[in-house]
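Coordinates in review
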Amino acid sequence: MTRLNKENIIPREALLRKIVDPNNGDLLDNGLVLWFPHPHSFTGEDSVELHVHGGIAVVSSIISALQKLPGFRIAEAGEFTKRAYLAGKLDATEVEGLADLLRAETETQRRQAIRQATGELAELYNKWRTSILTCMAHLEAYVDFGEDQDIGHEVLSSLQYAIQSLKSEVGSHLNDNRRGERLRNGVRVAIIGEPNVGKSSLINILSRRNVAIVSPYAGTTRDILEISLDIGGYPIVLCDTAGLRHSVDPVENEGLRRAREAASTADLVIIVMDISTGPAKLLQLSTKEMARLECERLNLSFNAEGNYLVLLNKLDLTSSSVSINQSGVSALSCKTGQGLEEFLVDLEKKLAELCANPMQEAPLITSSRQRHHVQVAFRHLEKFLDIIEQQGDLALAGEQLRRSAKQIGSITARGKIDTEEMLDVLFRSFCIGK
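No experiment lies behind these values; they were computed from the predicted model shown.

Quick notes on the confidence of the model for the protein chain
- A residue-level look at the protein chain finds 87% of positions with pLDDT of 70 or above and a mean pLDDT of 85.
- Helix α14 (residues 419-430) is the least confidently modelled element of the protein chain, averaging 50 in pLDDT, while helix α12 (residues 368-389) averages 95, the highest of any element.

Thoughts on the side chain of S200
- Note that S200 resides in helix α8 (residues 199-207).
- Side-chain polar atoms of S200 contact the side chain of D240, separated by 2.7 Å.

Brief notes about helix α9 (residues 250-265)
- Between its first and last C-alpha, α9 extends 23 Å over 16 residues, near the 22 Å set by a 1.5 Å rise per residue.
- All of the buried residues along α9 are E252, G255, L256, A259, A262 and A263. Down the axis of α9, the sector holding all buried residues measures 120 degrees, keeping them to one side. Opposite the buried face of α9, at more than 90 degrees from it, the exposed residues are P250 and S264.
- Next to the buried residues of α9 lie β4 (187-193) and β7 (268-274).

Focus: the nonpolar core
- If you look at the biggest cluster of nonpolar residues, it comprises 31 residues, and the most contacted ones within it are Y125, W128, I132, V170, F384 and L401.
- Only α5 (120-145), α6 (154-174), α12 and α13 (394-411) provide two or more residues apiece to this core.
- A total of 10 residues in this core trace back to one element, the largest contributor, which is α5.
- Ignoring anything within four residues of it in the chain, the contact list for L401 reads I132, C135, M136, L139, I163, L381 and F384.
- Core analysis: the second largest hydrophobic core is formed by 29 residues, Y234, L332, L351 and C355 among them.

Considering the packing of α8 against helix α11 (residues 340-354)
- The interhelical angle for the contact between α8 and α11, taken along N-to-C directions, is 85 degrees, at an axis separation of 12 Å. Overall, the two elements α8 and α11 adopt an arrangement that is roughly perpendicular. Counted together, L202, I205 and L206 of α8 and L340, F343 and L344 of α11 form the full contact between these two elements.
- Partitioned by chemical class, the residues of the contact of α8 with α11 number six nonpolar, no polar and no charged.

Structural notes on the sheet that holds strand β1 (residues 15-20)
- In spatial order, the strands read β1-β2-β3; together these three strands make up an open sheet with antiparallel pairing. Edge positions in the open sheet fall to β1 and β3 (47-51), since each of these has one partner strand only. Direction aside, the axes of adjacent strands within the sheet are offset by 45 degrees on average.
- Across six bridges, β1 lies against strand β2 (residues 27-36) in antiparallel orientation. From the neighbouring strand, R17 faces β2, where its bridge partner is G31.
- Contacts between helix α1 (residues 56-66) and the sheet are confined to β2 and β3, with β2 contributing the most and set at about 65 degrees to the helix.

Reading guide: rules and limits
Residues numbered from 1 in each chain as written. Predicted model: local features only at pLDDT ≥ 70, side-chain atom pairs only at ≥ 80, totals over all residues. Heavy atoms only, no water. pLDDT = per-residue confidence, 0-100. Helix = DSSP H or I, 4+ residues; strand = E, 2+ residues; numbered from the N terminus. Polar contact = N/O pair within 3.5 Å; in protein donor to acceptor, adjacent residues only side chain to side chain. Expected span 1.5 Å × (residues − 1). Buried < 20%, exposed > 50% of the residue type's maximum accessible area, 1.4 Å probe, protein only. Arc of directions from axis to C-beta. Contact = heavy atoms within 4.5 Å. Core = buried A, V, L, I, M, F, W, Y, C linked by side-chain atoms within 4.5 Å. Axes fitted to C-alpha atoms, helices over the stretch in contact; angles between N-to-C directions. Parallel < 35°, antiparallel > 145°, perpendicular 65-115°, else oblique. Nonpolar A, V, L, I, M, F, W, Y, C, P; charged D, E, K, R; others polar. Pairing = 2+ DSSP bridges.

Here's what the structure looks like:
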């Protein structure tokens, strides 16, 4: 199609060429051609890239011309990444990171995804796996060669210390409040309150469009209305819910049940109150105490470990000035916009607490798959330490290390422990047979 032979092309150098139909020679476009010989390509295979103009007709004509070539077919979804993975160009965490990068909708999501896609998370897990393999090698050396090679009992103490340190590091990694996963999937935020306090008005003002029906009649919102937003670079899934009240209407009661369920499963609950009806007198209380009292009044379950913001709406209907000193409580008017900037500052602070900061923190767990393997690996490290402390069977202790290493390796799809790999560590550490 470009009338070039790969022997005459300099690898990885862009060439401007005419791209023609291979059958009739019709000119399809002028574009750039790049040749990537294996193994120095994304997939590890011989690859050619055509950089052409992006018009629909141009792209369609080039694909149609390519289909005339023998053996050509359209790639399946994700096939190039799959081939790169199978060729060892990417590990499983890098594949997940690349997928997250393609789906990223906010800046912080992009930052987290690019760190994972470029191997920072894999580097952490590979370091842990190498540490476990080293400890396995030392343990096997102690069991098999201790007497012959004069390997002292201090080896066990050093192993115990090394695994204890690693266990602490893995435990801290697990104790992350799922911030990496929240950033990846979006923070679920439920807006809760009585009817007509301004919940639907709030979701409209935050989304900057009328996504929810607003009316003076109670019970307008019955089902859960969800919308995805970018607040200060953090992704949120904002849920507008039915106003909480007593009702005999079975349809509205179903909406009330769903509202309570949304509040119980949300990462963050925004409790909206009408400031013109007197809640300003509660301002001397803490945010959690205000949230608890309002939840009790609305017959809503309160979680002492949960995350709450209190929003006093309808600021335009009160004549007295409102002084707010505690973090997590804001006053605004959804009608005039007064106080909106202050509320957004509070909201962004809370989102920053709930999500990871990709620029300042070590790589975090971003998927339930990763978390599962790390949790199982952690339990095997605990079992190893229990066996050592109880002076148990060292062969069983070694098996716990092997299983832990396998779980860590499974995160990056390096779960199988190669005997040669372990022996390399063994000989390098102890020079047995020298």
